[in-house]
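For reference, the chains in residue letters:
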Amino acid sequence: MPRPLGELEDAVMTRVWKWNRPVTVREVLEDLQQERSIAYTTVMTVLDNLHQKGWVRREAEGRAYRYEAVSTRAAYSAALMNDAWSQSDNPAAALVAFFGMMSEEQRVALSDAVRMVQGPEPRAPEAVERPPAPGPSGENPAADGDASGR
């Protein structure tokens with residue numbers, strides 16, 4: 001199960017996930033510098049650590065690397081939720097508490113997700129036409145096509 005990413009790791013991975021393409025240290029650095037003061041070597045170390053942990057793969061490009069996410073942010077979030085839920089001694093109570101924290105928008109998203117996982121509603125079986133029940137004499141009056149029973 002994945003460990004939660006640290007704050008800086010998450011900030012770097014957010015860019016990698018958002019751009020959804022191989023990125024350089026320089027690209028991530030320039031974007032992060034819009035929010036905070038950070039050194040090139042720090043971003044390089046974080047991306048190297050993420051590579052060592054299996055979060056990104058890298059490909060050499062000249063003297064640098066291009067980094068690409070191994071999985072999606074959604075998969076990461078799902079793995080964290082699954083890990084947290086599986087550690088509960090009462091999974092049902094944990095889910096009830098979690099649902100209680102959700103906004104209405106999140107509950108709608110959850111309902112949509114459950115419908116997607118379950119697939120389309122099964123159709124009701126077609127009504128099967130049955131012959132009429134036998135009459136008092138035990139004969140089936142409609143068997144010979146004569147509704148009068150003759």
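Peer 1: Before we go on, may I ask you to explain the overall build of the protein in this structure?
Peer 2: Looking only at helices and strands, the protein features six helices and two strands. Each helix (α) and strand (β) of the protein, taken in turn from the N terminus, gives the series α-α-α-β-β-α-α-α. Pairs at least 24 apart in sequence give 44% of the contacts found in the protein among residues at least 6 apart. Put simply, the protein shows about 11,200 Å² of open surface, and 54% of that area lies on carbon and sulfur atoms.

Peer 1: Explanation requested: helix H2 (residues 25–32) in the structure shown.
Peer 2: Since the α-helix turns once every 3.6 residues, residues separated by three or four places project in the same direction. Residues of H2 that are buried: Val25, Val28, Leu29, Asp31 and Leu32. Within H2, the buried residues cover an arc of 165° as seen down the axis, which keeps them to one side. Summarising the contacts, the buried residues of H2 are in contact with helix H1 (7–19), helix H3 (40–52) and strand E2 (64–69).

Peer 1: Looking at this model, I keep getting lost on unusual backbone geometry. Mind explaining?
Peer 2: Trans peptide bonds make up most of the peptide bonds, and negative phi angles are found at most residues other than glycine. Phi is positive for Asn20, close to 50°, though the residue is something other than glycine. Position of Asn20 relative to the elements: it lies in the loop between H1 and H2. Relative accessible area serves as the criterion here: at 66%, Asn20 is assigned to the exposed category.

Peer 1: I tried to follow the pairing of E2 on my own but got confused; where do I start?
Peer 2: The two faces of a sheet get side chains in turn, since along a regular strand they alternate between them. Here six bridges tie strand E1 (residues 56–61) to E2, and the two strands are oriented antiparallel to one another. Note on E2: the bridge partner recorded for Ala60 is Tyr65. Remark: two residues form the turn of the hairpin made by E1 and E2, two consecutive strands paired antiparallel; Gly62 in that turn has positive phi of roughly 70°.

Peer 1: Please clarify how the nonpolar core should be interpreted in this entry.
Peer 2: Core analysis: the largest hydrophobic core is formed by 21 residues, its most contacted members being Met13, Val43, Leu47 and Leu50. The set of elements that each furnish at least two residues to this core consists of H1, H2, H3 and E2. Top element by residues in this core is H1. It accounts for five residues.

Peer 1: Would you take a moment to explain the confidence of the model for the protein for this structure?
Peer 2: Do not read the predicted coordinates in detail wherever pLDDT is low. With 79% of its residues at a pLDDT of at least 70, the protein reaches an overall mean of 85. Confidence, read as mean pLDDT per element, is least for helix H4 (residues 73–86) in the protein (88) and greatest for H2 (97).

Criteria and thresholds
Residues numbered from 1 in each chain as written. Predicted model: local features only at pLDDT ≥ 70, side-chain atom pairs only at ≥ 80, totals over all residues. Heavy atoms only, no water. Helix = DSSP H or I, 4+ residues; strand = E, 2+ residues; numbered from the N terminus. Contact = heavy atoms within 4.5 Å. Areas by Shrake-Rupley, 256 points an atom, 1.4 Å probe, with all protein chains shown as cover. Buried < 20%, exposed > 50% of the residue type's maximum accessible area, 1.4 Å probe, protein only. Arc of directions from axis to C-beta. Pairing = 2+ DSSP bridges. Core = buried A, V, L, I, M, F, W, Y, C linked by side-chain atoms within 4.5 Å. pLDDT = per-residue confidence, 0-100.

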